[in-house]
Amino acid sequence: MAIVSIHDLKVYGYHGCLPEEAVIGTLFKFDIDVETDFSQAYETDDLKHAVDYVEIVRIVKEQMVIRNNLIETVVKRVLDKIRERYPRAGKITVKLYKMNPPAKGDLESVSVMVEG
């Protein structure tokens, strides 16, 4: 097994429970790991036998336009769509950071991580 990793994928979104979050939005960041068997990709040097990080970025951007109150909902939906696209993958880990959350305090981000 090998791992395809995407780090610090930045996407603007409008998720949150406060009404102003639906209007103003904020920056979100993703870290994603997809375990997969690379043996066929090594042998063929063909993208169709690999996990395509461009496709994963497309999935994330597509899911980020669907507004939700909870980032837990967003991160699970992203995981499910990656699993749907790559059903033979091993463990998939998706970590979503909400940058500058509207909390009282000096807080850079909050995050939610799911594995499946």
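Residues numbered from 1 in each chain as written. Predicted model: local features only at pLDDT ≥ 70, side-chain atom pairs only at ≥ 80, totals over all residues. Heavy atoms only, no water.

> So what about the packing of aromatic side chains? Which residues, and what values?
Tallying each qualifying case throughout the model produces two aromatic pairs. Their ring planes at 70° and their centres at 5.6 Å tell us that Tyr12 and Tyr14 sit as a pair that is edge-to-face. When its relative accessible area of 44% is taken as the criterion, Tyr12 is described as partly exposed. On the basis of an interplanar angle of 80° and a centroid distance of 5.7 Å, the ring pair of Phe38 and Tyr42 is categorised as edge-to-face. (Phe/Tyr/Trp six-rings, centres within 6.5 Å; stacked < 30°, edge-to-face > 60°. Buried < 20%, exposed > 50% of the residue type's maximum accessible area, 1.4 Å probe, protein only.)

> For the sheet that holds strand 4 (residues 109-115), give the residues involved together with the corresponding values.
Spatially, 1-2-3-4 is the arrangement adopted by the four strands of the open sheet, whose pairing is antiparallel. In this open sheet, the two strands that pair with only one neighbour each are strand 1 (2-13) and strand 4. Each neighbouring strand pair of the sheet contributes to a mean axis angle of 15°, computed without reference to strand direction. Direction of pairing for strand 3 (residues 92-99) relative to strand 4: antiparallel, over a ladder of seven bridges. If you follow Lys98 over to strand 4, its bridge partner there is Val110. Packing against the sheet, helix 3 (residues 53-64) makes contact with strand 1 and strand 2 (26-36), and its axis sits at approximately 35° to strand 1. In this fold helix 4 (residues 71-85) packs onto strand 2, strand 3 and strand 4, with an angle of close to 145° to the strand it touches most, strand 3. (Pairing = 2+ DSSP bridges. Helix = DSSP H or I, 4+ residues; strand = E, 2+ residues; numbered from the N terminus. Axes fitted to C-alpha atoms, helices over the stretch in contact; angles between N-to-C directions. Contact = heavy atoms within 4.5 Å.)

> I'd like a description of the environment of Phe38, backed by residues and values.
On the secondary structure map, Phe38 appears in the loop between strand 2 and helix 2 (39-44). C-alpha of Phe38 to C-alpha of Tyr97: the two residues are 59 residues apart in sequence and 28 Å apart in space. Setting aside residues up to four positions removed in sequence, Phe38 forms contacts with Ala2, Ile3 and Val4.

> A description of the side chain of Lys98 should follow, citing residues and the corresponding values.
Within the secondary structure, Lys98 sits in strand 3. Here the side chain of Lys98 touches His15 through a polar contact of 3.1 Å, landing on its backbone oxygen. If we ignore the near neighbours within four places in the chain, the residues touching Lys98 are His15, Gly16, Glu21, Thr26, Leu27, Phe28, Ile71, Glu108, Ser109 and Val110. (Polar contact = N/O pair within 3.5 Å; in protein donor to acceptor, adjacent residues only side chain to side chain.)

> Can you break down the pattern of salt bridges residue by residue, with the values?
The full count for this structure, using the stated rule, is eight salt bridges. In this structure, Glu21 and Lys98 form a salt bridge, with 2.4 Å as the shortest nitrogen-oxygen distance. Highlighted residues: Glu21 in helix 1 (residues 19-24) and Lys98 in strand 3, separated in sequence by 77 residues. The same class applies to Glu21 and to Lys98, which are both buried. Linking Lys81 and Glu84 is a salt bridge whose minimum nitrogen-to-oxygen distance equals 3.9 Å. Of this pair, Lys81 and Glu84 both sit in helix 4, three residues apart, roughly one helical turn. (Salt bridge = Lys/Arg side-chain N within 4 Å of Asp/Glu carboxyl O.)

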